[in-house]
Amino acid sequence: MERILEFARNRLTMIGGLGGVLGLGFVSVGPLVPTTPEAGQLEPLVAVSAEEVRTEVLSSGRTFGGILQQTSLSGNEQQGLLLAFREHASPSRLRAGTEVSLRFVRGTEQLRGVDVTVSSDELVRLERSSFGWNSSVERTPVWVDTLAVGGVIDRDLWTAVVLNPALDEMPRGDRAQVIHLLDRVFQWQLDFSRQIQRGDSYRLVFERRVRPDGSMRSGRILAAELVNSGNPLYAIWFDLHGDDVGGYYDLAGESLQRAFIRAPLEYRRISSRFNRNRYHPILKVARPHIGVDYAAGRGTPVMATANGVVTRRGVNGGYGNSVEITHANGFLTRYAHLNGFASNIGVGTRVSQGQVIGYVGMTGLATGPHLHYEMHRNGRAVDPMNIDIPAGDPIPLEARVSWTQDLQERVAILQVAPQGPVIRLAEAALPDLETVTEDRR
Ligand SMILES: [Zn+2]
C-alpha cells in the first residue's frame, strides 16, 4: 500500500518526465512507414534490364547445389560460390520452399549473381567479381515502435486483449503473443486462468520490431500494470546486466521472480476459460479436493513450477500417470492424470522452473483431460494460489540510478496508456535494423 501511495506522489514527477519521453517520440505519432519522396512528373521510361532473372524453388529433391550444377558454372566456380554462401548460411540447412534467383546477363547463360532468401528476414546475395564470388546479406528493414495500450477485462484477459479495437492493425497471432508475454511477465504473481476477475484492468507498454508487412519480428513488454481485484500489480522491465535479457521488477525495484510460478500450464493453452464448469462433477466427488484442476486439451505441455528433483514418476492410483517433484525448503509438487511423461524425465532427474515434464491427459480418476496440480509444504497440502514465496534479488545499489531513469520513463508511457485508443510512440529504426549490407569477402 505504501508503495502505491509513493507511486501516486511520484506521479507528477513522472508526468514531468513524460515531456522528455514524448518530446522525442511524439514527433511522429503514427506508424513510421517510409514515405515516397515527391518526384514530380516524370516521363514514362522504358528500359530493358541488363539482367534476366530465373527463380527456382528448393524442394526435397532439389538442392541449392543441384541448381548450380545445371548452370554454365564450372565445378570450381560452383565450389567458390558455395564457399562464399557459407559465410552467411549453410547450404544443407536451406528449407524446402527457399527461393533461389539466378541473375543472368540478358540473352546469355552467363551468371552474374545469385540471390537466396534464407529466411523471411534475410537474403544472401552472391555477386561475381574478378576474383571469384562475393557474398553479402540484406536484411528486411525492420522498425521499432512502442505501443501503449490498456483496457478493462469484462470476460477474460484473452478476449480483452485479442478483441481490443486499439490493436486492430496488429495481426491476431501477434496479439496472442502479447498475451503470452504478459502471462510470462506475471507468471510468479498470478494464475491468469483462475485469478483474473471481471472488472480487472490492464495497461501495458509494448516494444516491437515490425516488418514492412506489419507483422512482428519480436516484441517485449517494457511496463505493465494489472489491477487484479482492486490490487495493482506492476512489472517494469530492466536490463540489469546490459545483455538484453533483463528481468521484471515492481515499482520499488523488487524482483518479480519467485521460486515457484503460479501455474504449471501456459495461460494460452488452458481451455477452461471457455468453460469453467466443465469439471464440476469431478470437483464434487473429489472430497476433499486438495489441488487445482486445469482443463486443457490432451497433450498440452505441463511445466515444473520450480527447480527440483523428480522423486516419483509413474502410475499412482486415482492420480493416474503422475510426477512428483521435491523442491527446496520442504516443498513438493504433484502433477496428475498425465497422458505421458516428457522423455527425459525419470526419478532422480533434476528439473528447472518452466521445464516440460509431461502432457495433459485423463489417466486415473478423470472424466475428461485435465491437469490436477498439488503443492505440499512439509507434508501438508497448501494452496498454490495463496502462498507467499520470497522474492528474487532486488535492483542492486549500483544500478539504482539507471533503474530510476528507466522506471520513470516507462511508467510515464504507461500513464498515458489509455483505456481506449492506442498510443503509438514511433521511434526511428535503430541503426542496426536498417537495411544492412555486410560485405564479407
Ligand atoms: Zn483435481
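Residues numbered from 1 in each chain as written. Predicted model: local features only at pLDDT ≥ 70, side-chain atom pairs only at ≥ 80, totals over all residues.

Notes on the overall build of the protein chain
Part 1: The helix and strand tally for the protein chain stands at eight helices and 21 strands.
Part 2: Excluding contacts between residues fewer than 6 apart, the proportion of contacts in the protein chain whose partners are at least 24 apart in sequence is 67%. (Helix = DSSP H or I, 4+ residues; strand = E, 2+ residues; numbered from the N terminus. Contact = placed C-beta atoms within 7 Å.)

Points about the nonpolar core
Part 1: Core analysis: the biggest nonpolar cluster contains 64 residues, and L204, V205, A223, A224, V302 and I357 have the highest contact counts within it.
Part 2: In this structure, this core is formed jointly by two domains, domain 1 (2–30 + 142–257 + 392–433) and domain 3 (267–386), each of which donates at least three residues.
Part 3: Within the second largest apolar cluster, 15 residues are counted, among which are F64, L94, V100 and V124. (Core = buried A, V, L, I, M, F, W, Y, C linked by C-beta atoms within 7 Å. Buried ≥ 20, exposed ≤ 12 C-beta atoms within 10 Å, placed from the backbone. Domains from an automatic or database assignment.)

Remarks on the pairing of strand β3 (residues 111–119)
Part 1: The pairing of strand β2 (residues 99–105) with β3 spans five bridges and is antiparallel. Among the inter-strand pairings, L102 is bridged to a residue of β3, identified as V114.
Part 2: The sheet contact formed by β3 and strand β4 (residues 122–129) spans six bridges and is antiparallel. Along β4, the bridge assignment pairs D115 with R125.
Part 3: Taking the residues that link successive antiparallel strands as the turn, the β3-β4 hairpin has two residues. (Pairing = 2+ DSSP bridges.)

Brief notes about the pairing of strand β17 (residues 356–360)
Part 1: Here β17 lies mainly inside the structure; four of its five residues are buried.
Part 2: Two elements, strand β12 (residues 301–303) and β17, share three bridges in a ladder whose sense is antiparallel. Along β17, the bridge assignment pairs P301 with Y359.
Part 3: Summarising the sheet, strand β15 (residues 331–341) and β17 pair through three bridges and their orientation is antiparallel. By the bridge assignment, G340 is partnered in β17 with Y359.

Regarding the environment of Y248
Part 1: Secondary-structure assignment places Y248 in strand β10 (residues 247–249).
Part 2: On the basis of neighbour count, Y248 is assigned to the buried category, with 23 C-beta atoms found within 10 Å.
Part 3: When the C-alpha positions of Y248 and I221 are compared, they lie 9.5 Å apart, and in sequence the two are 27 residues distant.
Part 4: Every residue in contact with Y248, bar those within four places of it in the chain, is listed here: V185, A235, I236, W237 and L256.

Some remarks on helix α5 (residues 172–185)
Part 1: Along its 14 residues, α5 runs 20 Å from first to last C-alpha, staying within 8% of the 20 Å computed at 1.5 Å per residue.
Part 2: Burial in α5 covers these residues: V178, L182, D183 and V185. Along the axis of α5, the buried residues cluster in a sector spanning 165 degrees; they form a single face.
Part 3: Those residues of α5 that are buried are in contact with α4 (157–162), α6 (192–195), β7 (201–210), β8 (216–228), β9 (231–238) and β10. (Expected span 1.5 Å × (residues − 1). Arc of directions from axis to C-beta.)

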